[in-house]
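Spelled out from the first residue to the last, the chains are:
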Amino acid sequence: MPPRTPKMTYDRRIREWLRRHRFEVSVIVFAAGIFLSVLAAGDFTGLSTVQPFVAINTVTAAPGGPNYNLAFVVIGPIVSIIGAVLVGGYLLSRRRFEHLMKTKSKAEFLRNLDKIEELLWELTPEDEQRYLDKRAEFRLR
């Protein structure tokens, strides 16, 4: 009887999902930051008289309630900067990884082995499998 594999815990499944969908999550964070910044700009600039922002501002800055647009002024740029760093880091890692994986030379692959393994922290499990396949192609342990 083969040994049973232990069931993955909830946090392990979340980490695995986030690693697999890293680029999509970073784009969503970046878009959310831009959206919050636009909402803040729609309240504190001349855009507050334009139709979509008139309806939005009645909800986010209700006359008798809290003004959420003040929080959007602070949170929006911070979230968009974090999202931009995440997107940029992923794209830069992806480009470097693709460049290093195109090599046909075993010596060049061995020279860049540390760089490739470092880049794999930023990439998906599919890229890790491509790396392992490339190692097998060059007959490396």
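Just so you know, the residues in each chain are numbered from 1, in the order the chain's sequence is written. Whole-chain, interface and lining totals are the exception, using all residues; otherwise, since this is a predicted model, local features are given only for residues with pLDDT of at least 70 and side-chain atom pairs are given and counted only at 80 or more. As a rule here, side-chain values cover all heavy atoms of the structure and leave hydrogens and water aside.

Let's talk about the pattern of salt bridges
Take a side-chain nitrogen of Lys or Arg and a carboxyl oxygen of Asp or Glu: if they are within 4 Å of each other, that pair is a salt bridge. Counting across every chain of the model gives nine salt bridges. Between Arg20 and Glu16 there is a salt bridge, and its shortest N-O distance comes to 3.1 Å. Placement of the pair is Arg20 and Glu16 together in helix α1 (residues 10-20), with a separation of four residues, close to one helical turn. Residue exposure (1.4 Å probe, protein chains only): buried if accessible area is under 20% of the type maximum, exposed if over 50%, otherwise partly exposed. With relative accessibility at 34%, the residue Arg20 sits in the partly exposed group. Note on Glu16: relative accessible area 22%, which makes it partly exposed. A salt bridge links Arg130 to Asp127; the shortest N-O distance between them is 3.6 Å. Linking Arg130 with Asp127, this pair stays in helix α7 (residues 125-137), spanning three residues, or about one helical turn. Residue classification places Asp127 among the buried residues on the basis of a relative accessible area of 4%. Every helix listed is a DSSP run of H or I at least four residues long, and every strand listed is a run of E at least two residues long, numbered separately from the N terminus.

A few points about the nonpolar core
One recurring pattern in soluble globular proteins: nonpolar side chains tend to sit buried together. To define a nonpolar core, start from buried Ala, Val, Leu, Ile, Met, Phe, Trp, Tyr and Cys residues and group those joined through side-chain atoms within 4.5 Å. In terms of nonpolar packing, the biggest core is built from 12 residues, these being Tyr90, Phe97, Leu100, Met101, Phe109, Leu113, Ile116, Leu119, Leu120, Leu123, Tyr131 and Phe138. Of all elements in the fold, only α4 (68-101) and α6 (113-119) reach the threshold of two or more residues within this core. Per-element accounting of this core gives the leading share, four residues, to α4. Two residues qualify as a contact provided that any one of their heavy atoms is within 4.5 Å of a heavy atom in the partner residue. Excluding residues within four positions of it along the chain, Leu119 makes contact with Ser93, Arg96, Phe97 and Leu100.

Quick look at the packing of aromatic side chains
Two aromatic rings from Phe, Tyr or Trp, using only the six-membered ring of Trp, form a pair when their centres are within 6.5 Å; if the ring planes differ by under 30 degrees the pair is stacked, by over 60 it is edge-to-face, and anything between is tilted. A complete count under the given rule lists three aromatic pairs for this structure. Ring centres of Phe109 and Phe138 lie 5.2 Å apart, and the angle between their planes is 50°; on these two criteria the pair is classed as tilted. Residue Phe109 is found in helix α5 (residues 106-111), and its partner Phe138 is found in the segment after α7; the two are separated by 29 residues along the sequence. Across the pair, exposure class does not vary: Phe109 and Phe138 are buried alike.

Quick word on α4
Take the number of residues in a helix, subtract one, and multiply by 1.5 Å to get its expected span. The end-to-end C-alpha distance of α4, which contains 34 residues, comes to 47 Å, matching closely the 50 Å that a straight helix rising 1.5 Å per residue would cover. One axis is fitted to the seven residues ending at the residue and one to the seven starting there. The bend at that residue is the angle between these axes. Maximum bend of α4: about 30°, positioned at Ile75, with proline Pro77 one to four residues after it. Listed in full, the buried residues belonging to α4 are Asn69, Phe72, Gly76, Ser80, Gly83, Val87, Tyr90, Ser93, Phe97, Leu100 and Met101. Here the buried face of α4 lies against α2 (22-44), α3 (51-60), α5, α6 and α7. At the N-terminal boundary of α4, the capping side chain belongs to Asn67, with an oxygen 3.1 Å from the backbone nitrogen of Asn69. Two N or O atoms count as a polar contact when they lie within 3.5 Å, although within protein this holds only if one can serve as hydrogen donor and the other as acceptor, and sequence-adjacent residues are included solely when both atoms are side-chain atoms.

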